[in-house]
Each structure stands twice: as C-alpha cells, then as structure tokens.
Amino acid sequence: MKQKKLPPHITMTKNGKLRVRYQKSSKYPIPYDELFDTLEKAEQANDEYLAKNTLKLHDKVKHIGFADACDEFLDWYRTKPKKPAPATVVSYKNYIKTLKIAIGNVDITKIDSLFLTKIIDMESRRPKRGNGKQQGGMISSNTLHHEYSLLSILFGRFYKLGWISSNPMAELEEPEFDSKPIEVPEFEELEEIEAKIMTAPIRERLQFLYGLYTGMREEEVAGQHIERDINFDRMEVYVNTVIVKDENGKWMESHPKSRDSVRAIPVPERFFKVYNEYLVYRQNYVNYLKIKNPDYEEIPNLFLNKDGDFYRPVRISRTWGNFRKKDEISIDINFHGLRHYYLTNQMNYNDGLTERDVQALAGHADLRTTRRYVHASKKKINRNATYIFSKFSRESLFKDGYNVLTIPTEHIASIIVGKAELSKIDDLKITLEVISNEKVDYFNLSTVIDKCKKYITSKLPSLESLEEFKYSKLSNEEILSKIQNRFGKEIKITIEE
C-alpha cells in the first residue's frame, strides 16, 4: 500500500518517530526541532508553529491587561469558524464582566497561580450582585465554579496564543462545587403527573406536555413552529430552533446549541389532541392581535407572547412553577426537572431503547452528559436489589402447604400475557412443570404455557383481565409494575385434594 505523503517539514526518523523541524531563516526566524509519536501530534505541532510564525508570536509574551485580553478573547470567540451558541456567548460575557471587576486590567504576564488563588478566595466571600448592585448573601459555589472554569478557558487560550509563557491555572486547585441535586418523581407517578397537567389551561397544558413527553429544554419548547415542527403521520415533533437572548438582552430565534440538538422526538397519540385544541386557541389569539393592531404580522412560532412575538423560555419555567405549587396539584420538580424525569424514565424503564438511543432523544453530543440526567429510583432499588439473592425452587411453590400453590406474580404475568421474558426463564420453567406435570423445553414451551393458563384462570377467573397487556405498548417493566400493584408479588391458588 502506498504510504501517505508527509506534509512539508515533517519527516519520519529511523526509529519510527515523526520529526517537525524548521531551521532558522528569514522566513522562519525561530528554529524548531521536536519529535512526536503520532502523525496527528506532529501535524498539530506543525500547525501551531506556522500559526505563531505568521502572527509573530514565537517566544514573545504579550503585555496586555487582563480586561483588554478578555475583550480580544470575546471578539475571537464570537467569530471563530465553529459558531458558538448565543446563550454561551452571553454566559461568557457575563462571567467575564465579573472577573474584570475582580482582576482589573493587570498585565497578564504578571498574573501567577498565587494571584489567582487570592482572587478565587476573594470571590468565594463576595456578596451577590444584581445589575451592578449588591443583593446580599454570598455567591453560590455554582457561580464560583463557573468563574473558575472560565478562568481556565481564558488562560488556556492566552497560553496557546503565546501571550504568556506558562499557564497559571495549571497549578490552581478547583474550588469545591456543591451542586444542588435534582430529585425526580418515581416512574409510578407518571400517570398522576400527566393527569394533573391535563387540568392546566390549554396553552400551558401543551407546554407542560412538551416537557413531560419530550424532555425538551424551555428554549426548545419556545422555539417550536407550527407545521414545520410537527408530523402527525409519524407522530413526531422536531427541534430546529430555540429562543434565546442576544448580548444586548433582546430575545431572538437561533439554531440549537449543537448539531446533535437538532432532532426528532416521538410523542404519544394523545399529545396531538391537546395540540389541535391549542391551535384553535392560538388562531383566536392571532385574530385578537390583528384587531388590536391591524399592522400585526403573524410569526410561525407555536407559542406567542402578549404582543404576538417570541414566547419567553423563562415564562414557561415561571408558569410551571406557579402551577405545580397550586393547591391539590403539588408536583415537586421544576420544568427543567421534567427533562431529567423524561430521560430517567427512558433510560431505566424503556427496555426497547439503548443508551445511545436515549442520548439521541436528549440531543446530547456526549453520552456522559445524558448519564448525568439519569437518577436512581428508590422504589426500583428496594424492589429489585435483593432479587439476585432470591433462589426460586419447587419448595418455594409449596411454602404454604402441599395443597396451596404460591406463585410469583411475574410467573402469572408470563403465563396469562404470554410473555415468558417477564420472568426469569429458569424459575418460570419450575412453575410450569409443577402445574402441567410435564418436562418443559424450548419446543413445548408455548403449549405448556397455554395449558397452565387454562388451569390458572379456571381457579382464578379474575386473572383473565391480565390479557389486556397482551398487545400493550408498555415496556415489560411497566406491565409487571402495574400487575404487581394490582395483585401483589405473589398469588395463591388452592389445589383440590
């Protein structure tokens, strides 16, 4: 196979190393000679050398004040080839504003790790500010964590550009970060939460169902368009745009934060009934706006504010907050928590989806981000943690006497519903063999299950109601949970003598 031609100034040494070499000349005044293990590292070093050479940054620190350097960083960040999300630019700008107050315009070459340690310590004891005024109370560890992170980004950039000879953040220890944990409801509360949402006014009802059924972020819900972002045939909604603030505080429509965030999300059929009902409300509202202002031009966004403009994401969160605290409603989770709840339920209770599938639903570029949204279920832990230690045997069936069969509910479910996978197959075979008095193998499994089903339903006709789950779209976990809630964990059948 023909070997790949190496770029100029990169050569392969006899011992397999890749050498990047520049001899001193008028074109390359700074000599360079380094060895690398991989072509990727060699090409990166080569590109960095050429960039520094073009910008005349080789071994020349830049005497620039911290505040001025931050301004140059923001100018670069706004215009870099991979466009950042507007919300990220606004976030960086706000934190930089705070850091400029703390550090000022000190020459960046004079800033060392000790200086920054004092700055971080001073910030940890700083009162909160609002619009430049102190609000009282100290800043949160979350705010301090973001300031530390941005300092790391800034000085990493200054070092890469050659403005400083070493990165002072490399020696700085990250401050403790106390993230307030989000607690999501148990999966079994899903129907109850949905029923409560159905009592909300139509506009809020649809917004809340977006959170419950899709796990969308507030800005994604606000960015929904009629027609473009809904597919009745495929029963999907699409994320194409978001509503965010620009640097001047004006609300604008923008692309999602990454390509992964542009996605399709399936929704249940009952979502569309609420959607269609809302469209009638929306059309009446648009008619009202046109009467109020004859010059009003309708925008395609699904949700409109009082002026017929973009609906504010913060308004969705605030409305949900007011709704969930109402008398007899009481849902202990904020709107963004619905996103956590949606992803937790998909990951923990949807056997038909893989982790990567859930990542795609979330719109995350990194699977590790999705995993941070998944919370443990106390009920599931309590129900299943001892399962691996439970040994099922023939004796277990007759623990209440020789004339009583004590059958685990999951075995009953497997037999009546016709899904062997609802049970541990080896344990199910014991129950089937005792009831049918036949040896069970792969070839006669379905026949024996039918025989056992007739026997069980003849003893307890009420169990025939379990057939409703036969063609259900619910996951196996959901089916088993509903059956156990109805009949308990065991079902006793008296054997006639």
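Because the structure is a prediction, the values reported are computed rather than measured.

A. Examining the sheet that holds strand 7 (residues 236-239) more closely. The strand order across the open sheet formed by 3 strands is 6-7-10, and the pairing between neighbours is antiparallel. Strands at the two margins of the open sheet, each flanked by one partner only, are strand 6 (230-231) and strand 10 (263-266). As judged from the 2 bridges shared by strand 6 and strand 7, these two strands associate in the antiparallel manner. Each bridged residue has a counterpart across the sheet, and for Ile 230 the counterpart in strand 7 is Val 237.

B. Representation of helix 7 (residues 202-214) within the structure. The end-to-end C-alpha distance of helix 7 is 18 Å, a good match for the 18 Å that 13 residues give at a rise of 1.5 Å each. Extensive coverage of helix 7 is indicated by the burial of 13 of its 13 residues. Where helix 7 ends, the next residue or the one after it, Gly 215, has phi of about 70°, a positive value.

C. Spotlight on the packing of helix 17 (residues 425-436) against helix 18 (residues 445-459). Remark: helix 17 packs on helix 18, axes separated minimally by 10 Å, with the N-to-C direction vectors making an angle of 60°. In terms of orientation, helix 17 and helix 18 fall into the oblique class. Our pair here, helix 17 against helix 18, has a crossing hand that is left-handed. Of helix 18, the residues touching helix 17 (which contributes Ile 425, Leu 432, Ile 435 and Ser 436) are Leu 445, Val 448, Ile 449, Lys 451, Cys 452, Tyr 455 and Ile 456. For the contact of helix 17 with helix 18, a count of residues per class yields 9 nonpolar, 1 polar and 1 charged.

D. Examining the packing of aromatic side chains more closely. One pass over the full model with this rule turns up 28 aromatic pairs. An angle of 20° between the planes, with centres 6.0 Å apart, marks the rings of Phe 66 and Phe 155 as stacked. Here Phe 66 is found in helix 2 (residues 66-79), whereas its partner Phe 155 is found in helix 5 (residues 141-161), with 89 residues between them in sequence. Here Phe 155 falls in the buried class, since its relative accessible area comes to 0%. Centre to centre, the rings of Phe 208 and Trp 320 are 4.9 Å apart; their planes meet at 80°, and the pair counts as edge-to-face. Of this pair, Phe 208 sits in helix 7 while Trp 320 is found in helix 10 (residues 313-324), placing the two residues 112 residues apart along the sequence. For the residue pair Phe 208 and Trp 320, the accessibility class agrees, reading buried in each case. Directly above the aromatic system of Trp 76 lies the positively charged group of Arg 157, at a separation of 3.7 Å from the ring centroid. Positioned over the ring face of Tyr 373 is Arg 339, at 5.2 Å from the centre of the ring.

How each quantity is defined
Residues numbered from 1 in each chain as written. Predicted model: local features only at pLDDT ≥ 70, side-chain atom pairs only at ≥ 80, totals over all residues. Heavy atoms only, no water. Pairing = 2+ DSSP bridges. Helix = DSSP H or I, 4+ residues; strand = E, 2+ residues; numbered from the N terminus. Expected span 1.5 Å × (residues − 1). Buried < 20%, exposed > 50% of the residue type's maximum accessible area, 1.4 Å probe, protein only. Axes fitted to C-alpha atoms, helices over the stretch in contact; angles between N-to-C directions. Parallel < 35°, antiparallel > 145°, perpendicular 65-115°, else oblique. Left-handed = near helix turned anticlockwise from the far one by under 90°. Contact = heavy atoms within 4.5 Å. Nonpolar A, V, L, I, M, F, W, Y, C, P; charged D, E, K, R; others polar. Phe/Tyr/Trp six-rings, centres within 6.5 Å; stacked < 30°, edge-to-face > 60°. Lys NZ or Arg CZ within 6 Å of the ring centre and 35° of its normal.

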